[in-house]
Amino acid sequence: APDLVYPGWLGGTWRATSITVAVDAPSGVAAFAGGAAGLTRARADVAAATPLVYAVRFVPPPGGVHAGGAAAAADGVVADRDFNVRSMVGAVMGADAVQAVVATPAAVTAVLRPAAAVQRAPAPPPDGSPPPPPPEWSVRLDIVGRAADADGGGVFWGSEFTRQALGGPGGGPPAGKWIEATTR
C-alpha cells in the first residue's frame, strides 16, 4: 500500500500530543471487552485521561518514491514508523518496552515487554536455573485505508485506518480491534 505522504514542512522530529476523544463499540456492546461495564470504564478512562506526549519523526520517502510509484515531491515526507512506534510505546509502557519492530507502509509488527511486566518477572527457581523471561506481547497493525487532504492554507489532514491484533503471553487467539488515527 502506498504510504501516506505529509507536507515537507513536517520533516524532522516533533513533539506529538495524542488525545483519545471517543471509544465506540461498532460491533455492539456484547463484543466489547468486558461488555457494557468495560465500555463504560473505557469511556470514563477517556474522559479522565491526560494527553500522551511523545516524539514523532518524518523523513523523506525511501528511494524518493511514494503513492503510485511517482517520484516524491521535493516537499513530501513520510512517518518514520520504526522511530514513532518506539517513541509512542516508550511513552506508555517504558523506554525499553519495544523489543523488536518491523515497519513498512502496509503494516507494523512489534514485540513488547512493558516495564511493569519486567518488574513482576518471576523469581529464579530454587534449583539455581535462570528465571523465565518476563512476559512479552506481540502486536500487528495492518493499515487498511488512508486519506489525506491539504487546504492550501497550511492545514493538513491525514488519516489511517488500521486493524490491530494483540497477542499476549501464554498464547491463545489474538485480541483484535480497529483504530482510526487522524492527524491535523
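Keep in mind the model is a prediction, meaning the values are calculated, not measured.

> How should I be thinking about the overall build of the protein in this particular structure?
Per the secondary structure count, the protein includes three helices and eight strands. The order of α-helices and β-strands along the protein, N terminus first, is β-α-β-β-α-β-β-α-β-β-β. Split into buried and exposed, the 184 residues of the protein put 27% on the buried side. Taking the intrachain contacts of the protein between residues at least 6 apart in sequence as the baseline, contacts between residues at least 24 apart amount to 50%. Total accessible area on the protein is roughly 11200 Å²; 60% of this is exposed by carbon and sulfur atoms.

> So what exactly am I meant to see when it comes to the nonpolar core here?
Within soluble globular proteins, side chains that are nonpolar tend to cluster in buried spots. One finds Leu 4, Tyr 6, Leu 10, Ala 16, Tyr 54, Val 56, Phe 58, Val 77, Ala 79 and Phe 156 forming the largest nonpolar core, which totals 10 residues. The greatest single-element share of this core, amounting to three residues, is contributed by strand S2 (residues 52-59). Residues Val 89, Val 108, Leu 112 and Val 139 belong to the second largest nonpolar core, which totals nine residues.

> Would you mind going over the pairing of strand S6 (residues 137-150) with me for this structure?
Side-chain direction in a regular strand flips from residue to residue, so the side chains alternate between the two faces of the sheet. Bridge count between strand S5 (residues 107-112) and S6: six bridges; the pairing is antiparallel. Of the residues in S6, the one forming a bridge with Val 108 is Leu 141. The pairing of S6 with strand S7 (residues 156-167) spans 12 bridges and is antiparallel. What sits directly across from Leu 141, in S7, is Gln 164.

> Can you help me understand the pattern of salt bridges in this one?
If charged atoms from side chains of opposite charge come close, those side chains can pair. Applying the stated criterion across every chain yields a total of nine salt bridges. Residue Asp 3 pairs with Arg 81 through a salt bridge whose shortest N-O separation is 2.9 Å. Here Arg 81 lies in helix H2 (residues 81-93) and Asp 3 lies in the segment before strand S1 (12-18), a separation of 78 residues in the sequence. Like Arg 81, Asp 3 is buried. Note that Arg 113 is salt-bridged to Glu 136, the shortest N-O span being 2.3 Å. In this pair, Arg 113 is assigned in the loop between S5 and helix H3 (115-119) and Glu 136 in the loop between H3 and S6, connecting sequence segments 23 residues apart. Residue classification places Arg 113 among the buried residues on the basis of a relative accessible area of 19%. What makes Glu 136 partly exposed here is its relative accessible area of 33%. Linked through salt bridges whose partners overlap, the residues forming this network are Asp 3, Arg 81, Arg 146 and Glu 160.

> I tried to follow the sheet that holds strand S8 (residues 175-183) on my own but got confused; where do I start?
Strands pair in a sheet through their backbones, by hydrogen bonds, and they do so in one of two ways: parallel or antiparallel. Across the sheet, which stays open at both edges, the five strands sit in the order S4-S5-S6-S7-S8 with antiparallel pairing between neighbours. Two strands in the sheet have a free side with no partner beyond their single neighbour: strand S4 (98-103) and S8. Between one strand axis and the next, the sheet turns through 20° on average, direction left out of account. Summarising the sheet, S7 and S8 pair through nine bridges and their orientation is antiparallel. Along S8, the bridge assignment pairs Thr 162 with Ile 179. Where H2 meets the sheet, it contacts S4, S5, S6 and S7, and its direction lies at approximately 145° from that of S4.

Criteria and thresholds
- Residues numbered from 1 in each chain as written.
- Predicted model: local features only at pLDDT ≥ 70, side-chain atom pairs only at ≥ 80, totals over all residues.
- Heavy atoms only, no water.
- Helix = DSSP H or I, 4+ residues; strand = E, 2+ residues; numbered from the N terminus.
- Buried < 20%, exposed > 50% of the residue type's maximum accessible area, 1.4 Å probe, protein only.
- Contact = heavy atoms within 4.5 Å.
- Areas by Shrake-Rupley, 256 points an atom, 1.4 Å probe, with all protein chains shown as cover.
- Core = buried A, V, L, I, M, F, W, Y, C linked by side-chain atoms within 4.5 Å.
- Pairing = 2+ DSSP bridges.
- Salt bridge = Lys/Arg side-chain N within 4 Å of Asp/Glu carboxyl O.
- Axes fitted to C-alpha atoms, helices over the stretch in contact; angles between N-to-C directions.

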